[in-house]
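Topology and contacts: notes
In case you want the letters, here they are:
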Amino acid sequence: VGTLTVTEYNETIKVTVNGGGSYVYDGQEHKATVTVSELPEGYTVEKAESNDSATHVSEGTVTANCDELIIRNAEGEDVTAQLNIEFENTTITITPAQLTVVTPSDSKVYNGKELTKEGKVEGFVNNENATFTTTGTITEVGTTENTYSLVFNKSAQETDYTVNETIGKLTITENEDEIV
């Protein structure tokens, strides 16, 4: 005696997770979406969603899957488990945004007073910030780098940024005026 098997639908249905890739940090959530290939006549997709997303570099590479899928046949029955479904997942990666730090150069003739020159940091996204201070200083004859301090103690996360810096020099030259 033979066995009669009734299948819902023999063809492969492809479920593709979209939105993957590498994104430069912009403070926004990068979320995956799901598309379903062509279905047989009368079939409908009730739900096809991915709950996977990435916002910060610290999240690493996020694998985006189809987390919720409901396909109904012409009679309205959930037949998802009875279908031949091929899933194509993706990954989402956030890479650091670039900050630019510039500390300028300056020079003066020795007068016994400290020489400093304020620098700046640019490139924070979404009005994020961190504590930036120019720390370079010189009082005696010579040259030193115009250093800085950048502390991520406010809204910006250090892992979301890389720093491109241009460091100036502070120079005090000898006073050649004759002392009387």
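Here's what I pulled together on the structure shown here. (Residues numbered from 1 in each chain as written. Predicted model: local features only at pLDDT ≥ 70, side-chain atom pairs only at ≥ 80, totals over all residues. Heavy atoms only, no water.)

Another aspect to go through is the overall build of the chain. The number of helices and strands found in the chain is zero helices and 18 strands. The principal-axis extent of the C-alpha atoms belonging to the chain is close to 125 × 25 × 20 Å. Counting across all 180 residues of the chain, residues that qualify as buried make up 28%. Counting contacts in the chain only where the partners sit at least 6 residues apart, residues at least 24 apart contribute 63% of the total. Here the chain has roughly 11100 Å² of accessible surface; of this, 44% comes from carbon and sulfur atoms. Within the chain, one finds 10 positive and 31 negative side-chain charges whose respective centroids are separated by 10 Å. (Helix = DSSP H or I, 4+ residues; strand = E, 2+ residues; numbered from the N terminus. Buried < 20%, exposed > 50% of the residue type's maximum accessible area, 1.4 Å probe, protein only. Contact = heavy atoms within 4.5 Å. Areas by Shrake-Rupley, 256 points an atom, 1.4 Å probe, with all protein chains shown as cover. Lys, Arg positive; Asp, Glu negative; His and termini not counted. Charge placed at Lys NZ, Arg CZ, Asp CG, Glu CD.)

Counted according to the given criterion, the structure contains five salt bridges. Between E46 and R72 there is a salt bridge, with its nearest N and O atoms 2.3 Å apart. Of this pair, E46 sits in strand β5 (residues 44–49) while R72 sits in strand β8 (residues 68–72), and the two are 26 residues apart along the sequence. Judged by relative accessible area, E46 falls into the partly exposed class, the value being 49%. Since its relative accessible area comes to 24%, R72 is described here as partly exposed. The salt bridge partner of E122 is K120, with a shortest N-O separation of 3.7 Å. For K120, a relative accessible area of 45% translates into the label partly exposed. (Salt bridge = Lys/Arg side-chain N within 4 Å of Asp/Glu carboxyl O.)

A word on the sheet that holds strand β2 (residues 21–24). Taking strand neighbours across the sheet as the criterion, the three strands line up as β2-β10-β7 in an open arrangement whose pairing is mixed. Two strands in the sheet have a free side with no partner beyond their single neighbour: β2 and β7 (62–64). Taking the axes of each pair of neighbouring strands and ignoring which way they run, one obtains an average angle of 25° across the sheet. The sheet contact formed by β2 and strand β10 (residues 90–95) spans four bridges and is parallel. Bridge pairing in β10 links V24 to T95. (Pairing = 2+ DSSP bridges. Axes fitted to C-alpha atoms, helices over the stretch in contact; angles between N-to-C directions.)

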